[in-house]
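Chain residues, written in single-letter form:
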Amino acid sequence: MKKTVSVNIKGMNFLIEEDAYELLQSYMNRLTHSLRNEKGSKEIIEDIEFRVAELCSSHLNEKKQVIEKEDIEDIVKTLGEPEEYVEGIEDFTQENKTNSFEDKQSSTNRRLFREMENAKIAGVCGGIGKYFDIDVVIIRAIFLIVFFFFGFGLPIYILLWMILPIASTTIDRLKMQGKPITAETIKEEVESATNRLSTASNSFANKISKGGVYSQRFGSIGQIIKSFFGIASIFIGLIILGFFILLIFGSNIIPFGSDEQFMSLTDIGKIVLEGKSDVYWAWVGVSTASLSAIFFLLIFGTRLIFNFKNKLTKISLISLVFIGFSGVILSTYIGVKSGREMVFEGELEKSIGAVDADTLKIESHFKKLNNSNIKSNGNSGFVTIDGNKITDSGIHFEYTESKDSLYHIYQILTANSSTHKKAERKANNIQHSILISNNILHVNTSFSYPKSDKLRDQEVIIIIQIPKGKFVEIDNQKVRMNFTSRDINININGLGDLDELEKLELLDKDYDEDYSKKEGILEANGYYESWD
Amino acid sequence: MSLENTQAQMRKGILEFCILSILEKKEAYPSEILDRLKDAKLIVVEGTLYPLLTRLKNMELLAYRWEESSSGPPRKYYSLTKMGKTFLEELQVTWDELSKAVTKIIKN
């Protein structure tokens, strides 16, 4: 004994057994689902309903008054699985491309849940997969890659595990798939849940074997690329954040045992910029620019990954660009303003003395910096701040010919400022020790000036005039002057190292100031490097 | 690409042409068209026809009218529009050329 129901199909009444009715209903649902992207789907469904009515009546006769399950099975077989013929016609037109785009848009309304039905751990990947309509295997693969290469996949997973609710009710499942909650969709979802449970569902087998899956996959590849860029931009954002924290606080926040420390933005500002307000504004400018960039990257990345398309994120991204630019403009303004503090050069020349010897030896003096309070960001080249003193290193050397038989030594101190006078005053503030003792020139490799003078391109240049035929010995290197065409006949010895071509070149040259000059620099660690 | 797939592609292309050809002679309702197509073994599942008919109608190549039926639900009788006739003529030319070309290539 079986229960029958009465149905009206396009104006015709049929008596149909309950299981047969369910089968038919499920077929119509699959059809509606398959046609959701097709233009005029309503009409197609209607036409097929007419055909169903026709086929139903053809299955009935005077003896047989009720539609049975076998009849519906036969009708379904005649009509074919919707996935089969609907995918078939899609290839004809390009229309479905725009339609599938609309379908993608509908994902905006989706909600993230944890999908416990096929969960491996806590259903996070499954939930994300449902959200993007991507195969869960791909999401799991991305999580594994992120976990192994970047190391933050696990914390993200745990975080999502804690945050995301489980899709436990039918309504949750609908929200998860971005479907509107109506009586019809709820019914549909419940039905599809029963279908999922009964493995007999044909549609599943069809989905796997037919190319229809391809178009869905294609859409998700785009999403994978998006997610990849999203992750990359969040990653870059986090790197910038790290640098930003280092820049704001200096390496004081990291308990390093070393003497060397990375200077914070304020520390650098204090020794570079003129006034306190400049330091403040530079700080504001750089912070605004960096924070905007960080937030932009983080929001943009999240938006790419989770496909947020709401106005709020769009507006905040645009405003972050503007805020960021104003930060850049402010920083640039402060930079230009400080640049004006460097326009004029002041120079101070001191004569150190004259030496009468066969060879002038230069000995470098440097002390190891082992004060734990100093701040610097490099062992040579850049500055060290020690109390109220800025210590700078690297002494420039310039060699010219001596007009007599003596070595003449001069010390030149230079600095820049907004006026010539100020620059000279700053040059005068430079302390650099140099002295001659027993025909040896003792030179300190570093020099210092008051912190209040700021970094104004302070330099120390030692000028040594070398007599003809003699040389200077520094850091085990010999410095000897080249001789100009004027002197070529007198000083053949000096040309001993040169070949014929170079001799000819020398003869062609007129007396040239630069040519009779040699330069070098004595580094903080006592190493001498010549600049030829 | 499997053999099945290639065959499906070939059939699909020809199907529209055949539907139009069937309707050229006289108007018909879906079941009649289905009978003809199934007879010729052009389609396997009936569902294939309906989206095609709707599409051809939306392209204004086909028009239809309703007719009551004594034995079942009302029927949609499809017929070619003027544009449909022109369209079919074009297809006919293409088909002739193609079939000649294909025969020639297969035979040699």
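Residues numbered from 1 in each chain as written. Chains lettered and ligands numbered in written order. Predicted model: local features only at pLDDT ≥ 70, side-chain atom pairs only at ≥ 80, totals over all residues.

Residue and element names in this part refer to chain A. The strand order β1-β2-β3 describes an open sheet built from 3 strands, whose pairing is mixed. If you trace the sheet from one side to the other, it starts and ends with β1 (4–9) and β3 (66–67), each paired once. As defined by bridge partners, strand β2 (residues 12–17) adjoins β3 across 2 bridges and the pair is classed as parallel. Bridged to Leu15 within β3 is Val66. (Pairing = 2+ DSSP bridges. Helix = DSSP H or I, 4+ residues; strand = E, 2+ residues; numbered from the N terminus.)

In this structure, A:Lys454 is a non-glycine residue whose phi angle is positive, near 65°. Inspection of the secondary structure puts A:Lys454 in the loop between β13 (446–450) and β14 (459–466). According to the C-beta neighbour criterion, A:Lys454 is buried, with 21 such atoms within 10 Å. Despite not being glycine, B:Glu60 shows a phi value in the positive range, around 65°. (Buried ≥ 20, exposed ≤ 12 C-beta atoms within 10 Å, placed from the backbone.)

The subject of this paragraph is the packing of helix α2 (residues 41–59) of chain A against helix α3 (residues 49–58) of chain B. Between two packed helices, both the angle of their axes relative to each other and the distance between the axes serve to describe the pair. Relative orientation of the contacting elements α2(A) and α3(B) amounts to 130°, with a least axis distance of 9 Å. Here α2(A) is positioned oblique relative to α3(B), judged by the angle of their axes. Once α2(A) is placed against α3(B), the crossing between them reads as right-handed. Residues A:Glu43, A:Ile44, A:Asp47 and A:Ile48 of α2(A) touch α3(B), and the partners they reach there are B:Tyr50, B:Pro51, B:Leu53 and B:Thr54. Looking at the contact of α2(A) with α3(B), its residues break down into 5 nonpolar, 1 polar and 2 charged. (Axes fitted to C-alpha atoms, helices over the stretch in contact; angles between N-to-C directions. Parallel < 35°, antiparallel > 145°, perpendicular 65-115°, else oblique. Left-handed = near helix turned anticlockwise from the far one by under 90°. Contact = placed C-beta atoms within 7 Å. Nonpolar A, V, L, I, M, F, W, Y, C, P; charged D, E, K, R; others polar.)

Any segment with low pLDDT has predicted coordinates that should not be analysed in fine detail. Residues and elements named next belong to chain B. Averaged over every residue, the pLDDT of chain B is 86; the share at 70 or more is 98%. The secondary-structure element of chain B with the lowest mean pLDDT is helix α1 (residues 3–25), recorded at 82, while strand β2 (residues 75–80) shows the highest, at 91. Among the scores for the predicted complex, ipTM is 0.82 and pTM is 0.41. (pLDDT = per-residue confidence, 0-100.)

Residue and element names in this part refer to chain A. In terms of strand pairing, strand β9 (residues 395–401) meets β14 through 6 bridges, oriented parallel. Bridge pairing in β14 places Phe397 opposite Ile462. Inspection of the sheet shows strand β10 (residues 407–417) paired to β14 by 7 bridges, in the antiparallel sense. In the sheet register, Ile412 faces β14, and the bridge partner there is Ile461.

All names here are of chain A. Within the open sheet, the 5 strands sit side by side as β11-β12-β5-β15-β16. Their pairing is mixed. In this open sheet, the two strands that pair with only one neighbour each are β11 (434–437) and β16 (477–480). Between one strand axis and the next, the sheet turns by 25° as a mean value, whatever way the strands run. With 4 bridges joining them, β11 and strand β12 (residues 440–444) adopt antiparallel strand pairing. Of the residues in β12, the one forming a bridge with Ile436 is Leu441.

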